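Geometric and topological summary
Residue-level listing of the chains:
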Amino acid sequence: MGGVKGSPAELAGLRIRTLARLLLVSPTTTVGNPQAPSLMTETITVCAVDELPPGERKTVVWEDIEILVVNIDGELLAIEDRCSHDDGDLADGEIYNDRCAIECPRHGALFDLRSGKPLTLPAYKPVDTFPVKVDGDTITMEVS
Ligand code: FES
């Protein structure tokens, strides 16, 4: 008789590992044509390029997520406008160009604007970041 053999404990472990692999598939994974955009990713317009010069910031709402887009010395970055410590808004926080970081105005956690990772307590969980592009004279962002 065919099939998978093993003790009940081994089979349970196999099922758990298989399920974990299935759950770890990225929602942006493209199946089939690797050139085709993911069905889970959407490109949205942020604003015209001249509306977001270096040193400026803009908040964009997509579905129920507020996203802060900043221009740091010509580099466009987008981060979820929500502190992972206690849901404070990051949009009014001080930006440190030299560290490419933003400080949560509520309790002072610093977040890396490129990765969304917290650099200081009290936050210890990362927040989402989003790819930003310039398409002609328009700034766009990929959201998923
Ligand atoms: S809400 Fe941001 S550090 Fe507490």
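The following paragraphs examine the structure supplied in this document. From a predicted model like this one, the values you see are computed outputs, not experimental measurements. (Residues numbered from 1 in each chain as written. Predicted model: local features only at pLDDT ≥ 70, side-chain atom pairs only at ≥ 80, totals over all residues.)

**Thoughts on the nonpolar core**
- In this structure, L68, A78, I79, L90, F111 and L113 are the most contacted members of the largest nonpolar core, which totals 21 residues.
- When contributions to this core are tallied by element, the ones reaching two or more residues are strand 3 (65-72), strand 4 (75-80) and strand 6 (101-103).
- Looking at this core, the element that brings in the most residues is strand 3, giving 5 residues.
- In this structure, F111 is in contact with I79, L90, A101, I102, G116, P118, L119, A123 and V127, ignoring residues within four places of it in sequence. (Core = buried A, V, L, I, M, F, W, Y, C linked by C-beta atoms within 7 Å. Buried ≥ 20, exposed ≤ 12 C-beta atoms within 10 Å, placed from the backbone. Helix = DSSP H or I, 4+ residues; strand = E, 2+ residues; numbered from the N terminus. Contact = placed C-beta atoms within 7 Å.)

**Comments concerning the sheet that holds strand 8 (residues 129-130)**
- Spatially, the 4 strands line up as an open sheet ordered 2-3-4-8, and their pairing is antiparallel. Two strands close off the open sheet at either side, each with one partner strand: strand 2 (57-62) and strand 8.
- When strand 4 meets strand 8, the two strands line up antiparallel, connected through 2 bridges. Looking at strand 8, one finds that I79 is bridged to T129. (Pairing = 2+ DSSP bridges.)

**Let's talk about the environment of P126**
- As for its placement among the helices and strands, P126 is situated in the loop between strand 7 (110-112) and strand 8.
- Between the C-alpha atoms of P126 and D112, which are 14 residues apart in sequence, the distance is 9.0 Å.
- Apart from residues lying up to four places away in sequence, P126 is in contact with S84, S115, G116, K117 and P118.

**Remarks on the sheet that holds strand 5 (residues 95-96)**
- Pairing within the open sheet is antiparallel, and its 3 strands lie in the order 5-6-7. Edge positions in the sheet fall to strand 5 and strand 7, since each has one partner strand and no second.
- Sheet topology note: the strand 6/strand 7 ladder contains 3 bridges and is antiparallel. Note on strand 7: the bridge partner recorded for E103 is L110.

**Quick look at unusual backbone geometry**
- Between L121 and P122 the backbone carries a cis peptide bond, its omega angle lying at 10 degrees.
- Structurally, P122 is set in the loop between strand 7 and strand 8.
- Positioned with a positive phi, E63 is a non-glycine residue whose angle comes to about 50 degrees.
- On the secondary structure map, E63 appears in the loop between strand 2 and strand 3.
- Located in the positive-phi region is D73, a residue other than glycine, with phi close to 50 degrees.
- You can see D73 is positioned in the loop between strand 3 and strand 4.

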